[in-house]
Amino acid sequence: MLEIFNEFLQSVENTITGGAGKQSSSTPLSRRNLHRSVSEPTQCNTIGVSITNANAAVANNNNNNGGVTAAKTEFAKRTRRRYSSLSKSTATPRRFSSNCEDNFVHVKEWYRFFHVNPCSKTEIIRLNYCRSEEPVVSNMDITTGHIVLSYMEDHLKNKDRLEREWEELSNYIPEPSATEVGNSQQNARKNRYSDILPYDHSRVVLNTTTNVLGSDFINANTITDHDPRNPAYIATQGPLPHTVADFWQMIWEQGSVVIVMLTKLTETGVAMCHRYWPEEGSDLYHIYEVHLVSEHIWCDDYLVRSFYLKNLQTNETRTVTQFHFLTWSDLGIPSSAKALLDFRRKVNKSYRGRSCPIVVHCSDGSGRSGTYCLIDMVLNRMSKGAKEIDISATLEHIRDQRMTMVKTKEQFEFALASVAEEVHAILKALPQ
């Protein structure tokens, strides 16, 4: 085991110092220099280093005289020491193996030096660089972009107009709006809040034959954009202690691989969401085994966790990524749009090319979740070249599918400001 890991460390060092050119031994290998020294990868800003090809990587770089900083040397010493001690213990599941489906690594020391994320189903180690994401290349119509930007800025400046529009949205009554299933006596304890229930017509229906209680209910709704057959999101409440198994069942059955979490577990001493993942290692939730593969703190505003999800009935496996935004309080707004927009870009970069719904939750699954869905849906429509964008109509469309999405005027105003900021950034990047 240690031999494999030592080879991996050497391959990392050689790959970094010999990627796109030799690194001078007098030049500190800072994150900026590290980023410059490696060719820009095609996806996810990562370099792949195959453990099984570690010997080849070492051989290809054995003539490289590039320097390795003291931080890297300390990293190697500390990690080798840690794995030396781990190899002697049979109690911990955190051991290094060429079979990543059996053994997983969750060593937080890695992130302080290289931000190394062990992949859950392949023998690939990824090195991530902490930097803000730029707006994705967009097909946004320039004329539409300027019109939308003008519309947003007018609403943000004209508070009376914004107030009138919010009043109209507050008086909007969706149809149909029945919530009989969520209101039933047998399902009442599955709702975190008695006044936030899923609409019957759009609720997520669980498979009763695999449910821990034989129930088909979870407080969650599908949110579609244009195609009702392919939901873009699932908006749901933060799981309760007794609904965690239902939550993972929903993730599995809906084929979701991305979770957007917009709440802390507690706020001012009040429970907002039960921890539905293991702090380390594995936990079993009915027939779903969840293993925490990695936890990557990108910045003060958000972190990213990777889970390995296994269905013990079928022995099928899946990797699920959770993006956890940390600085958005209940009924409030983030301190700035920039952090949330950067967070959204990272979510969409991970999600790109998939057709399964993104699971979005806060505490009640309506206020913060609705605001995020509104921002993302509007910007996605614009990026696809939509000629007309009506923010209020889009929110009504979302509210047709789950109640009270976007709870406060401040959240609606924040959504307008966020869209305006992103559109402005995209327009600057587009050729005029």
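Note that the structure is a prediction, hence the values are computed from the model and not measured.

For the rest of this paragraph, the subject is the pattern of salt bridges. Pairing between side chains of opposite charge can happen when their charged atoms approach one another. Within the structure shown, the criterion is met by 15 salt bridges. Among the ionic pairs, Arg-368 bridges to Asp-330, the shortest N-O distance being 3.6 Å. In this pair, Arg-368 sits in helix α11 (residues 367-383) while Asp-330 sits in the loop between β12 (316-325) and α10 (337-351), placing the two residues 38 residues apart along the sequence. Taking the relative accessible area as the measure of exposure, Arg-368 reaches 1% and is therefore buried. A residue is classified by how much of its surface remains accessible, and Asp-330, at 31% relative accessible area, is partly exposed. Residues joined by salt bridges that share partners form a network here, namely Glu-267, Asp-330 and Arg-368.

The next point concerns the sheet that holds strand β5 (residues 233-236). Read from one edge to the other, the open sheet built from eight strands follows the order β4-β5-β13-β6-β12-β11-β10-β9, with strand pairing classed as mixed. The strands lining the two open edges of the sheet, one partner per strand, are β4 (220-223) and β9 (282-285). If you compare each strand with its neighbour and ignore which way they point, the axes differ by 25° on average. Pairing geometry for strand β11 (residues 302-311) and β12, over ten bridges, is antiparallel.

Take helix α6 (residues 142-157) next. Given a rise of 1.5 Å per residue, 16 residues ought to cover 22 Å, and the 22 Å separating the end C-alpha atoms of α6 matches this to within 8%. When we look at burial in α6, the residues that qualify are Thr-144, Gly-145, Val-148, Leu-149, Met-152 and His-155. Seen along its axis, α6 keeps its buried residues to an arc of 130°; they face one direction. In α6, the exposed positions angled more than 90 degrees off the buried face are occupied by Thr-143, Ile-147 and Lys-157. Taken together, the buried residues of α6 touch α7 (159-170), α11, α12 (391-399) and α13 (409-429). Measuring from the side-chain oxygen of the N-cap residue of α6 to the backbone nitrogen of Thr-143 gives 3.3 Å; that N-cap residue is Asp-141.

Another point: the packing of α11 against α13. It is at 10 Å that the axes of α11 and α13 come closest, and there the two elements cross at 30°. The orientation of α11 relative to α13 falls into the category roughly parallel. The element α11 and its partner α13 pack so that their crossing is right-handed. When α11 is examined against α13, the residues Gly-367, Arg-368, Thr-371, Leu-374, Ile-375, Val-378, Leu-379 and Met-382 are found in contact with a partner set consisting of Gln-411, Phe-412, Phe-414, Ala-415, Ser-418, Val-419, Glu-422 and Val-423. When grouped by side-chain class, the residues that make up the contact of α11 with α13 number ten nonpolar, four polar and two charged.

This part covers α10. Here α10 contains 15 residues, and its C-alpha end-to-end distance of 21 Å stays within 8% of the 21 Å for a straight helix at 1.5 Å per residue. Summarising burial for α10: twelve of the 15 residues are buried, a large majority. Those residues of α10 not exposed but buried are Ala-337, Ala-339, Leu-340, Leu-341, Asp-342, Phe-343, Arg-344, Arg-345, Lys-346, Val-347, Asn-348 and Tyr-351. For α10, the secondary structure elements touched by its buried residues are β6 (258-261), β11, β12, β13 (358-361), α11 and α13.

In this model, Glu-175 is joined to Pro-176 through a cis peptide bond whose omega is -5°. Residue placement: Pro-176 occurs in the loop between α7 and α8 (180-183). Not every positive phi belongs to a glycine, and Asn-315 is a case in point at roughly 65°. The topology assignment puts Asn-315 in the loop between β11 and β12. A relative accessible area of 53% places Asn-315 in the exposed class. Residues other than glycine seldom take positive phi values, yet Val-406 does so here, at roughly 70°. If you trace the backbone, Val-406 turns up in the loop between α12 and α13. With relative accessibility at 0%, the residue Val-406 sits in the buried group.

Another point: the confidence of the model for the protein. On average, the protein scores 77 in pLDDT, and the residues at 70 or more come to 68%. In this model residues 11-130 is a low-confidence stretch, pLDDT under 50, and it forms 215 contacts with partners more than four residues away in sequence or in other chains.

Turning our attention to the nonpolar core. Val-260, Leu-262, Phe-343, Leu-374 and Phe-412 are the most contacted members of the largest nonpolar core, which has 55 residues in total. Looking at this core element by element, the count peaks at nine residues for α13. Apart from the residues within four sequence positions on either side, Phe-412 is in contact with Leu-162, Glu-165, Trp-166, Leu-169, Leu-374, Ile-391, Ser-392, Leu-395 and Val-406. Counting residues in each nonpolar core, the second largest holds 26 residues, with Val-244, Phe-247, Ile-259 and Val-290 among its members.

Conventions and cut-offs
The numbering scheme is per chain: residues are counted from 1 as the chain's sequence reads. The predicted origin of the model limits local features to residues at a pLDDT of at least 70 and limits the giving and counting of side-chain atom pairs to 80 or more, whereas totals for whole chains, interfaces and linings rest on all residues. Remark: hydrogens and water are excluded; side-chain values derive from all non-hydrogen atoms of the structure. Put simply, a salt bridge is a Lys or Arg side-chain nitrogen that is within 4 Å of an Asp or Glu carboxyl oxygen. Secondary structure is summarised from DSSP: a helix means a run of H or I of at least four residues, a strand means a run of E of at least two, and numbering begins at the N terminus for each. Between buried and exposed lies partly exposed: a residue is buried under 20% and exposed over 50% of the maximum accessible area for its type, with that area taken using a 1.4 Å probe on protein chains only. Two strands are said to pair when DSSP picks up at least two bridges between them. Throughout, an axis means a line fitted to C-alpha atoms (over the contacting stretch in the case of helices), and angles, computed between N-to-C directions, take values from 0 to 180 degrees. Helix span, as expected, comes to 1.5 Å for every residue beyond the first. The arc in question is the one spanned by the directions pointing from the helix axis to the C-beta atoms. Note on definitions: a residue-residue contact is assigned when non-hydrogen atoms from the two residues lie within 4.5 Å. We define a polar contact as two N or O atoms separated by no more than 3.5 Å, with the added condition that, inside protein, one atom must be a possible hydrogen donor and the other a possible acceptor, whereas residues neighbouring each other in sequence contribute only through side-chain atom pairs. Put simply, angles under 35 degrees are roughly parallel, angles over 145 are roughly antiparallel, angles from 65 to 115 are roughly perpendicular, and the rest are oblique. Left-handed is the label given to a crossing in which the near helix is rotated counterclockwise from the far helix by less than a right angle, and right-handed is the label when the rotation is clockwise. Under the convention adopted here, Pro, Cys and the residues Ala, Val, Leu, Ile, Met, Phe, Trp and Tyr are nonpolar, Asp, Glu, Lys and Arg are charged, and Gly plus all remaining residues are polar. The score called pLDDT rates the predictor's confidence residue by residue, from a low of 0 to a high of 100. Take the buried residues of types Ala, Val, Leu, Ile, Met, Phe, Trp, Tyr and Cys, join any two whose side-chain atoms come within 4.5 Å, and each joined set is a nonpolar core.

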